[in-house]
Amino acid sequence: MSLWRQLSRGLRVLARRSESDADLDDEVRHFYEETEKSYAARGISPAEARRLARIEIGDATVIRERVRDYGWENLVGTIWADLRLATRMLRKTPVFTAVVVLVISLGSGAVTTVFSAMNSLLLRPVPGVADHGQLAALQPIRSDGVLLQQGSYREYAYLRERSRTLAEIAAWGKVALTIAGKGEGATIWGNLVSGNYFDVLGAHPSLGRFFLADEDRTPLAAPVIVVSYAFWRSHLAGDPSVVGRSVLVNGNPFTLIGVAGKDFHGTYTGIRADAWVPLMMQPLLRPRANLDASSWLWMFGRMNDGITTAAAQKELGALVSSRAEAEGEPRGPAGFRSMAVFPFSGLPGGEGVVIFRLIAVLLGTATLVLIIAGVNVGAMLAARSATRGRELAVRAALGAGRTRLLRQLLTEILLLFTLGAAGGFAFAVLATAALEQLPVPANIPLQLELSPDARVMTFCLGTSLLAGLVFGLWPALRVVRTDITARMRDGAQTGGSGRNLIGRTLIIGQLALSLTLLVAAGLFVRALQRGQQMDPGFTMSRVLTTTFEAESWGYDESRSRAFYGSLRDRVAAMPHVAAVSYTSRLPLTGGSSTEDIEFDGKTINVQRSSVDTSYFAALQIPLLQGRAFLVSDNAHSQRVAIVNQSLARRLGLEGAVLGRTITFLGKPTTIVGIVRDTKYATLGESTPPFAYLPLSQVWQPTQTLVVRSNDDSEWLGPAIQQVVIALDPALPRPKMSSMSEATSIVLLPQRAAAIVTGALGLIGLVLATMGLYGTMAYSVQRRTREIGIRVALGAQRATVLSMVVREGMLLTGMAIVVGVFLAGIASQLIEGFLFNVSPLDAATYVGMSFAFLFVAFVASYLPARRAALSDPLLALRAE
Amino acid sequence: MTDRIVDASLVKGFGLDEPTTDVIQGTLDMLILKTLSLEPMHGFGIARRIEQISKGVFKVNPGSLLTAFQRLERAGYLDSEWHQTENGRRAKFYTLTRPGRKQLDIETADWARRVSAVTRLLKADG
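(A) Spotlight on the overall build of chain A. Summing up its helical and strand segments, chain A has 26 helices and 21 strands in all. Counting the 879 residues in chain A, one finds 42% classified as buried. Residue pairs at least 24 apart in sequence account for 83% of intrachain contacts in chain A once pairs closer than 6 positions are excluded.

This is the structure we're talking about:
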């Protein structure tokens, strides 16, 4: 009842404001009249009676205001009035408003952009997945403690059958698929998935259906395929009638049974899958993969109610271990003895941590920028409220309460920061779009979805308003708290040394923080340079590459061999081509294949790749001992391997291992050569033991062509493409890239970090310089009179100039000391990304400090010059 | 200008020697409810009644009174309607509602309890 009354009466008042005001006035007037009457009744003259009544009752307006203050509807009214007034005040000073909003937008945009990336990489659940809280990712741990992402089918089947903590376990592996339905075929990444894959995820098709349990029971029994919504739109013309029809997948007829949900692109963040086929179709689509034993399957499961990841981890670890014991698997370092269980996300356990660290650093950096922006705005607001002192004093004198004044000021501040948040959000939309365009290697279907969503919008508004409260509140409080009458007396001479000190501290803080950011950016740039100059152990220039997924064309081994062979011969015959070869894995593309080898009773875990003859010539990797692979090393001859220096040392015998035999992939293999160590997976790695095997003996269907030429001829790429098409017109046109393009992914973190911290640092520098300029200009303005007197008394302009500049440089000097100190601490956090560039790299610190000094000099020189050139007479008259 | 100086006793209430005070905090609502329990009344009437019955000890500020009306009306203890006064003036008359009457009983009982407690405390020492 009473709530209803509150609401209805409040609404009535809101709807008929003037009427209810008139009623209230009438009631107050009634009091006047009656009081007047009672005085008159005692024989007091009417005029005197009116005066006495007025004194006794008090001012009508005050009473009315007081009564009107009661009730929620009046809050609505006053907030609305506050907003209107705030808008008017901000419109009156358009330049000030624009600058403040711009500054907030920059700060808020920086934080929002980084948060948006964090949101889509780490926080946002995989799109199209239901109840992701119950899902868990399963990753095997090797005996030597290395955390892997994938396990084998054997493990998967064992766990799926026995686990009690997980209701269901699903598995998937990557596969390259060339799909031809309507029009030209396209090679895309697909997933080979267990029959329960979509059910475990709780995903729903947008058309047709997903897999039945029966369709993943018997090998090769059910050639069915599900495609992504995007693929259906782009390659199948969005035609609903394709469901149920046949499409060619790697040259084999498959039935298209469904189209996945709109945003579903598999479960691996950044790498989109566009089609799904049952695992049991693997022998057809990925014939070389050893379904049973090799580790190529990502696994995840849905936990039973009340089960924690810790409990699941315990159970699965025990299962994995008992399976290995039961099946008598060798206890090599690469053997599995336990299982890690992570909360399900698009990033595998190990990678998530790295990305999380990087983003945490960036988020911290962006927060610094927001703080700088906030401090700047705070200083601007403080300066403005000094000039607004008179206006506020008049309003206070007219009866506005302190809280009312404060509320008014806060409304203005929050309005500014809301506008700033809008600007920041727009900034983030543009910046994430630009980040998504960062170049990535052509053969990885990397697709980063960084664009902001509703959560990011909330974050953006929230942080902006919080910054508004933190940095806007103190100037407001200051104004309201200061003695209002004092302010009336001398509106011009506001602020004493106290404010000055705070203002100066803030300027030093801003300058110092932006210097810190610039130093970080400088360090990342140095790391990038170092990375680019770092000798990978092979020659990058004049090497063209392209990767072929022969299996996805439906080629079997002999057809692939024929294709690769004739392509090699034709390219080798082209003019200016120095060497042509293939490798199963191009170095510096981030990945590696590992294997346990046995020698002399020792088991060593090594990385490996299969290469064609003349691989070492193509990449100019020096052969130290022995020979390169020969055409005579073939499937029928003795197995051979070439090892790097590190592996030679690990094998012992002081590296004299030429001609010795190791057990590799279960076969006795003779070491015929030793090559120099190079970089393999990443630039930052410590050199692993590495073994090369001839492609002719350890076949891999996916191969990367490596062509070295004698000159920088541009015709070579198109010429190679033409040869490929000539060999088989049905093949998709290969994407050619230079070696440095193909390996650019290894520097992606440094490149991204350099761009982001550099951008943030520049924004910070602009903001801080604006702050310094503003402070100096303000200080010069306040000292107009003093400077005028000095000049009138004969001070040289140069003296005035240096006086002001010295003040600015003093602030900058202190800021540099603080900034260098902060940078020294902060840079320790990014040491891991720096490729051995010292976090205290002197060149960066000195260089940035000088650049900084120069900018600060300009920012204080300009106001100083104005002061020096000012006419002393005008300056003195100004008061 | 000098004849504008006013006898202070004339300004305060009805010129009695007894000093007037503000209504004891928290009792204004109860006093309004009590006054209205006799008959519906307009705002000024309530103020005058409280002053008269308290023999001028309590002086009600119109601002507080009108705010209290808003509060009590929203709480559902009062209803209001515009009527003619005996002098033929239009005024807002307040009526006690049934929940208002109940509230008055509650507050009266509570007040009695507190007064007797305070009285006991004051006596205890002497």
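(B) Molecular detail of the overall build of chain B. When helices and strands are tallied, chain B shows five helices and five strands. Moving toward the C terminus, one meets the helices and strands of chain B in the order α-β-α-β-α-β-α-β-β-α. In chain B, which comprises 126 residues, the proportion classed as buried is 23%. The long-range share in chain B, meaning contacts at least 24 apart out of those at least 6 apart in sequence, stands at 53%.

(C) Examining the confidence of the model for chain B more closely. Residue and element names in this part refer to chain B. Chain-level statistics for chain B give a pLDDT mean of 78 and a share of 79% at 70 or above. Counted against residues more than four places away or in other chains, residues 1–18, with its pLDDT under 50, gives 17 contacts. Interface scoring of the predicted complex returns ipTM 0.78; its pTM is 0.67.

(D) Looking closely at the interface of chain A and chain B. At the interface, 20 residues of chain A touch 17 residues of chain B. Only helix H1 (2–15), helix H2 (17–41), helix H3 (46–57) and helix H4 (60–68) of chain A provide two or more residues apiece to the side of chain A that touches chain B. Residue classes in the side of chain A that touches chain B are distributed as nine nonpolar, four polar and seven charged.

(E) Spotlight on the pairing of strand S1 (residues 135–142) of chain A. Residues and elements named next belong to chain A. Two elements, S1 and strand S9 (residues 298–303), share four bridges in a ladder whose sense is antiparallel. Across the sheet, residue Leu138 finds its bridge partner in S9, namely Met299. For S1 and strand S10 (residues 336–343), the ladder comprises seven bridges, and the chain directions are antiparallel. Within S10, the residue paired with Arg142 across the bridge is Phe336.

(F) Geometry of the packing of helix H24 (residues 797–826) of chain A against helix H25 (residues 842–869) of chain A. Residue and element names in this part refer to chain A. Direction vectors running N to C along H24 and H25 enclose 150°, while the axes themselves pass 8 Å from each other. Comparing their axes, H25 and H24 come out roughly antiparallel. For the pair H24 and H25, the crossing hand works out as right-handed.

(G) Just the sheet that holds strand S2 (residues 41–42) of chain B, in detail. Read from one edge of the open sheet, three strands run S2-S5-S4 (chain B), paired in antiparallel fashion. Strands with a single pairing partner mark the edges of an open sheet, and in this sheet they are S2 and strand S4 (78–84) of chain B.

(H) Structural view of the packing of H2(A) against H4(A). Residue and element names in this part refer to chain A. Packing of H2 against H4 brings their axes to within 10 Å, and their N-to-C directions diverge by 130°. Between H2 and H4, the crossing angle belongs to the class labelled oblique. Helix-helix and strand crossings are classified by hand; for H2 and H4 the assignment is right-handed. Together, Leu24, Asp25 and Val28 of H2 and Ala60, Ile63, Arg64 and Val67 of H4 make up the contact between the two elements. Class assignment for the residues of the contact of H2 with H4 results in five nonpolar, no polar and two charged.

(I) Seen up close, the nonpolar core. Residue and element names in this part refer to chain A. Core analysis: the biggest nonpolar cluster contains 97 residues, and Ala110, Val369, Ala373, Leu511, Leu515 and Ala520 have the highest contact counts within it. Not counting chain neighbours up to four residues away, the residues in contact with Leu515 comprise Ala815, Ile816, Gly819, Ala823, Met848 and Phe852. In terms of nonpolar packing, the next biggest core, distinct from the first, is built from 68 residues, Ala137, Ala170, Phe198 and Leu279 among them.

(J) Representation of the confidence of the model for chain A within the structure. Across chain A, the average pLDDT comes to 83, with 93% of residues at or above 70. Segment residues 490–498 of chain A: pLDDT under 50, and six contacts once partners within four positions in sequence are set aside and those in other chains are kept.

(K) Representation of the environment of A:Gly522. Residues and elements named next belong to chain A. Turning to its location among the elements, Gly522 is positioned in helix H16 (residues 497–533). Note on Gly522: 24 C-beta atoms within 10 Å, which makes it buried. Leaving out residues up to four positions away in the same chain, Gly522 has contacts with Thr844, Gly847 and Met848.

(L) Highlighting the environment of A:Leu465. All names here are of chain A. Looking at where Leu465 falls in the secondary structure, it is placed in helix H14 (residues 454–481). Using a count of 18 C-beta atoms within 10 Å as the deciding quantity, one classes Leu465 as partly exposed. Between the C-alpha atoms of Leu465 and Phe417, which are 48 residues apart in sequence, the distance is 6.0 Å. Apart from residues lying up to four places away in sequence, Leu465 is in contact with Leu414 and Phe417.

(M) Looking closely at helix H23 (residues 784–792) of chain A. All names here are of chain A. Every buried residue belonging to H23 is among Ile787, Gly788 and Val791, and all of these are buried. Down the axis of H23, the buried set is contained in an arc of 105°. They therefore lie on one face. Gly794 sits one or two residues past H23 and shows a positive phi near 105°.

(N) Focus on the environment of A:Leu166. Looking at where A:Leu166 falls in the secondary structure, it is placed in strand S2 (residues 166–180). For A:Leu166, the contacting residues outside a window of four places in its chain are A:Ala136, A:Gly301, A:Arg302, A:Met303, A:Asn304 and A:Ala312.

(O) Here's a closer look at unusual backbone geometry. Notably, A:Asn250 is not glycine yet its phi reads approximately 50°, a positive angle. By the element assignment, A:Asn250 lies in the loop between strand S6 (246–249) and strand S7 (252–259).

Parameters and conventions
- Residues numbered from 1 in each chain as written.
- Chains lettered and ligands numbered in written order.
- Predicted model: local features only at pLDDT ≥ 70, side-chain atom pairs only at ≥ 80, totals over all residues.
- Helix = DSSP H or I, 4+ residues; strand = E, 2+ residues; numbered from the N terminus.
- Buried ≥ 20, exposed ≤ 12 C-beta atoms within 10 Å, placed from the backbone.
- Contact = placed C-beta atoms within 7 Å.
- pLDDT = per-residue confidence, 0-100.
- Nonpolar A, V, L, I, M, F, W, Y, C, P; charged D, E, K, R; others polar.
- Pairing = 2+ DSSP bridges.
- Axes fitted to C-alpha atoms, helices over the stretch in contact; angles between N-to-C directions.
- Parallel < 35°, antiparallel > 145°, perpendicular 65-115°, else oblique.
- Left-handed = near helix turned anticlockwise from the far one by under 90°.
- Core = buried A, V, L, I, M, F, W, Y, C linked by C-beta atoms within 7 Å.
- Arc of directions from axis to C-beta.

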